[in-house]
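# An overview of the molecular structure
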Amino acid sequence: MSSGAKMILALIIVSVGAGVVLAVVYNYANPKIEEHAALRLADSIGAVLPEASSFTKLESADVSFDPSSFADEIYLGHDGQGESVGLAFVVTGPGFQGGIKVLIGMELPGCTIGGVRVLEHVETPGLGARIEEDWFTEQFIGKEASGKLDKEIDTITGATISSKAVTNIVNDYVYKIAQELIPQLGVLERGSR
Amino acid sequence: MFADLVRGLWKENPTFRMMIGMCPTLAVTTTATNGLAMGLSVAFVLVCSSAMISLLRRQIPSEVRIPCYIVIIATFVTVADLFLAAFLPSIHRVLGLFVPLIVVNCIILGRAEAFASKMPVSRSILDALGMGLGFTMALVILGSIRELLGFGTLFGTRIMWEGFTEWVIMILPPGAFFTLGLLVGLINWLSTNLSKGSALRLRAGRRAKDGTASVHIHRVGSGQ
């Protein structure tokens, strides 16, 4: 066998072997990874929308508008009787060093905030990363979609920019969704009944 | 045989002596737990890929050995990444991007090229295990110091007294450089003095060599 053919053969065998190994491991690990992700999501939505006992994802096929124009993901929370009790939505906004991903729960029909949870961020550990702390995010609970939240939320000492970033993200999206999405959703629900 | 195992722990410790694989060393050692998880992930990849490369060392033509090594290493890194995501999701979230980056950690390619591609499987595994444990040890030491001073905790348990002011700088990148620099300095000083002492005893009467000559820093590659 020429050395060229040998090289090609060696690369093919190594690559195919790697592919087989990865396929097997992926098939084994992926259900567990998805299970963790689903558990984490359910846990987070339960935290920001305490009244909801189940939730469904709002798909663009279900409604006349594009949900992705409002938020990354939108979930409808239902109580035991299947009535809508609120919305939970995942939004991303600019932080100090990168994007901050926040899950916001909004209770219906009053459009008050049920809870806020920071899902992902790359803020400075020990300073900006404190936006994850409960005392900070608990300040949002019960606040109305006034568009003026920045005057009602205390910032974290040493993390003014990061905490203001979270406040602005919550403020902007809650206001926008209360003003623009909820009216459309109300029409849809009355129409379907 | 035993020498293969212990070499990575002290004499050729990848972090403190050879100064390779610095990027994850500096980036993820904000806590001892993160350092331990990163170190063990690297050790896992190192042992598996060294064993595989040593096994295939006669079959792989030398012209294409680097792409073959990279494919093998990337496979084991992906396996480690998937296992971490499946079984330790909270640690996986913290380590984030640094797990896939193990592929380009030059400890692994360095050992493949310098050792596993020339040695039998058993010695390659021992060498990889020593190097992996040496790396883990270094990361845990760094992570412990930074966590203790930066958060006042160790492996998540409160150690420092009430009212201790956390040194936030220890969690930030400068803290990593300061700690690593001081540790490398301390270890160089220790090994210089230790080898000077033994050299004096061994060659009594002869003039002791300059101690620094015994400190070999092998540069296999730079940076990451």
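Sequence order sets the numbering: in each chain, residues are counted from 1 along the sequence as written. Think of it this way: whatever chain is written first is A, whatever ligand is written first is 1, and the rest follow in order. Confidence filtering applies because this is a predicted model: local features only for residues at pLDDT of at least 70, side-chain atom pairs given and counted only at 80 or more, and all residues used for totals across whole chains, interfaces and linings.

## A short note on the overall build of chain B
Helix and strand definitions follow DSSP, with helices as H or I runs of at least four residues and strands as E runs of at least two, each counted in order from the N terminus. Broken down by element type, chain B carries eight helices and two strands. In this scheme every C-beta is placed from the backbone, and a residue whose C-beta has 20 or more other C-beta atoms within 10 Å is buried, one with 12 or fewer is exposed, and one in between is partly exposed. Across the 224 residues in chain B, those meeting the buried criterion constitute 41%. The contact rule is simple: place each C-beta atom from the backbone, and if two of them lie within 7 Å, those residues are in contact. Taking as baseline every contact in chain B between residues at least 6 positions apart, the subset at least 24 positions apart corresponds to 75%.

## Some details on the overall build of chain A
Counting its secondary structure elements, chain A contains three helices and five strands. Note that the radius of gyration is over C-alpha atoms, with the globule rule given as 2.2 Å times the number of residues to the power 0.38. Computed over its C-alpha atoms, the radius of gyration of chain A comes to 22 Å, more than 25% above the 16 Å expected for a compact globule of 193 residues. Considered along the principal axes of its C-alpha atoms, chain A spans approximately 75 × 50 × 25 Å. Summarising the internal contacts of chain A: among those between residues at least 6 apart in sequence, 53% fall at separations of at least 24.

## Looking at the interface of chain A and chain B
Between chain A and chain B, the residue contacts involve 20 residues of the former and 23 residues of the latter. Throughout this entry, Asp, Glu, Lys and Arg are counted as charged residues, while Ala, Val, Leu, Ile, Met, Phe, Trp, Tyr, Cys and Pro are counted as nonpolar. The remaining residues, Gly among them, count as polar. For the side of chain A that touches chain B, the residue count by class is 13 nonpolar, five polar and two charged.

## A closer look at helix α6 (residues 106–116) of chain B
Residue and element names in this part refer to chain B. Counting buried positions over the 11 residues of α6 gives eight, a clear majority of the element. Where α6 is concerned, the buried positions are I107, I108, L109, G110, R111, A112, F115 and A116. Each element contacted by the buried residues of α6 is listed here: α3 (32–55), α4 (65–87) and α7 (121–150).

## Observations regarding the sheet that holds strand β2 (residues 73–78) of chain A
Residues and elements named next belong to chain A. One open sheet holds the five strands; their spatial order is β1-β2-β3-β4-β5, and the pairing between them is antiparallel. Each edge of the sheet is formed by a strand with only one pairing partner; in this case those strands are β1 (54–57) and β5 (112–120). Neighbour-to-neighbour, the strand axes of this sheet turn through a mean angle of 25°, independent of strand direction. Any two strands are treated as partners once DSSP identifies two or more bridges connecting them. Angles here are taken between N-to-C directions and fall from 0 to 180 degrees, while the axes themselves are lines fitted to C-alpha atoms, restricted in helices to the stretch in contact.

## A few points about the nonpolar core
A set of buried residues qualifies as a nonpolar core if it consists of Ala, Val, Leu, Ile, Met, Phe, Trp, Tyr and Cys joined through C-beta atoms within 7 Å. Ranked by internal contacts, the top residues of the largest apolar core, which has 51 residues, are V42(B), V45(B), L46(B), I72(B), I73(B), F76(B) and I108(B). If you list the elements that add at least two residues to this core, you get α1 (3–48) of chain A together with α3, α4, α6, α7 and α8 (173–202) of chain B. Among residues more than four places away in sequence, those in contact with I72(B) are V14(A), A18(A), S49(B), M52(B) and I53(B). Counting residues in hydrophobic clusters, the runner-up holds 40 residues, among them I45(A), L49(A), V91(A) and I169(A).

## Overview of the packing of α3(B) against α4(B)
Residue and element names in this part refer to chain B. Taken N-terminus to C-terminus, the directions of α3 and α4 make an angle of 145°; their axes are 9 Å apart at the nearest point. Read as a crossing pair, α3 and α4 show a hand that is right-handed. Within the contact between the two elements, α3 uses S41, F44, V45, C48, S49, M52 and I53 and α4 uses Y69, I72, I73, F76, V77, A80 and L84. Partitioned by chemical class, the residues of the contact of α3 with α4 number 12 nonpolar, two polar and no charged. Here a crossing is taken to be left-handed if its near helix is turned anticlockwise relative to the far helix by less than a right angle, and right-handed if that turn runs clockwise.

## Description of the confidence of the model for chain A
Detail in the predicted coordinates should be disregarded across regions flagged by low pLDDT. Scored from 0 to 100, pLDDT reflects the predictor's confidence in each residue. Chain-level pLDDT for chain A is 84 on average; 96% of the residues reach the 70-or-more range. For chain A, the element scoring lowest by mean pLDDT is helix α3 (residues 160–192) of chain A, at 78; α1(A) scores highest, at 91.

## Regarding α7(B)
Any helix carries an expected span of 1.5 Å times its number of residues minus one. Taking 1.5 Å per residue as the helical rise, α7(B) with its 30 residues ought to reach 44 Å, and the 42 Å between its terminal C-alpha atoms agrees with that figure. Burial within α7(B) is extensive, with 22 of its 30 residues counted as buried.

## Section: the environment of S90(B)
Residue and element names in this part refer to chain B. Tracing the sequence through the fold places S90 in helix α5 (residues 89–95). Residue classification places S90 among the exposed positions, given that 11 C-beta atoms sit within 10 Å. As a C-alpha pair, S90 and E162 span 72 residues in sequence and 28 Å in three-dimensional space.

## What about the pairing of β2(A)?
All names here are of chain A. Looking at chain direction, β1 and β2 are connected through four bridges and run antiparallel. Residue pairing in the sheet places F55 in a bridge with G77 of β2. Linkage of β2 to strand β3 (residues 84–94), two consecutive antiparallel strands, is achieved through a turn of five residues, within which G82 is found at a positive phi near 85°.

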